[in-house]
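The chain contents come next:
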Amino acid sequence: MAFPGSSSVSRADGPPNEPAAGAGRDGVKAGLDLPHPDDGSLARLVAGRVRRHGKVTSPPRPPNFAALFADEFFSLQRVPAFAGAGEETQAAIRAACAQGVLDEAYFIEKSGLAYCARMLLLAEDTQTRQAFALMGADEAAHLAWITAYVPEARRTDAAHPFLKLVAELIEQAPSPVLVYLLQLILEGWGLAHYRDLAAAAREPALAHVFKTILKDEGMHVRLGAALHDPRKFSDAERTLTRDALAQFLTLVRCGPLSVAGALAQATGAELVSLHEALAGEAEAARKLGLLRQLMRAEGMDWAGAEMQALGLFAPMTPAQAAALLR
Ligand SMILES: [Fe+2]
Ligand SMILES: [Fe+2]
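Below or above, wherever it landed, is the structure these notes cover.

The rules behind each value
- Residues numbered from 1 in each chain as written.
- Chains lettered and ligands numbered in written order.
- Predicted model: local features only at pLDDT ≥ 70, side-chain atom pairs only at ≥ 80, totals over all residues.
- Helix = DSSP H or I, 4+ residues; strand = E, 2+ residues; numbered from the N terminus.
- Rg over C-alpha atoms; globule rule 2.2 N^0.38 Å.
- Buried ≥ 20, exposed ≤ 12 C-beta atoms within 10 Å, placed from the backbone.
- Contact = placed C-beta atoms within 7 Å.
- Arc of directions from axis to C-beta.

**Describing the overall build of the protein**
- A count of helices and strands for the protein gives 13 helices and zero strands.
- Along its sequence from the N terminus, the protein presents helices and strands in the succession α-α-α-α-α-α-α-α-α-α-α-α-α.
- What you see for the protein is a C-alpha radius of gyration of 19 Å, in line with the 20 Å of a compact globule of 326 residues.
- Viewed in the frame of its principal axes, the protein has a C-alpha envelope of about 60 × 50 × 35 Å.
- Looking at the protein as a whole, 45% of its 326 residues are labelled buried.
- Within the protein, counting contacts between residues at least 6 apart in sequence, those at least 24 apart form 85% of the total.

In structure tokens:
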């Protein structure tokens, strides 16, 4: 599973969300809150199998989060409050930003496992089942590689509204909606996001993890393209697609709020000026433009047109975005 880099809203920014309780339509539970310990016979079995899936090196434990990414990835070098902060404060901000994107990657890969399980059960022919079983094995390996960068205590707390939306779709949405939203749009965006992460990672082992994941994600998008059939959408499925896209775009329109939030917390600087210094509006516009392109799958022009009519491709102003964090 890949993802949209929606770390624009921090874990605590949105409305309080509990991981979805109970099972979805076909008994599938997204399970983002499932425990995930490092030790035990099953953990060893998974680790052994994952080693055959691709060669990646484990990071030093615990990882030095402050040193994992270039400042430019989060636009920290643009922010006067960051430049004026002491070394310790700068390290705390870098670590918070790094943990934000790694936690997001962890939960999206964890969601990918449940997605493949549900799609495998819904498949109408044997090749589709094989394809989703193979894709599920990829997601299991991706999850294992990212897990090395997510402390155990952070592996059950998927509070972000974006993760809640993805989990609800996996549990409830019919197959045509899932293929379009998760496999064409989100996996497509994930390709771009993992490419950016690979370029921004300063630790060679982490850069290698992202590059190795990237090799699989292309197949996941191609599988989505092969399965996508716009004629399969019922009226109810169009409505569900429209609602989910609107929620998703709203989360992207607010720009890099998690970075602004981390900066505000550590330096006491004001949110509107931080959002401006981060060029948050331009960053949101760039991501919205990419999403708009991805929405243009065969027979889906109506989706982009409706989002355009609702004004959802326009980024929020710094004042509008900052108001979400207050
Ligand atoms: Fe994927
Ligand atoms: Fe993945």
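**Examining the environment of Ile146**
- Looking at the secondary structure, you find Ile146 in helix H4 (residues 126-147).
- The buried category is assigned to Ile146, around which 22 C-beta atoms lie within 10 Å.
- In this structure the C-alpha to C-alpha distance between Ile146 and Tyr115, which are 31 residues apart in sequence, comes to 18 Å.
- If near-sequence neighbours (up to four positions away) are discounted, Ile146 is found in contact with Leu102, Ala105, Tyr106, Glu109 and Val209.

**Regarding the environment of Leu223**
- When you line up the elements, Leu223 lands in helix H7 (residues 204-227).
- With residues near it in sequence (within four places) discarded, Leu223 still touches Ala131, Met135 and Gln183.

**Let's talk about helix H13 (residues 318-325)**
- Within H13 the residues assigned to the buried category are Pro318, Ala321 and Ala322. Buried residues in H13, looked at end-on, bunch into an arc of 95°, giving them a common side.

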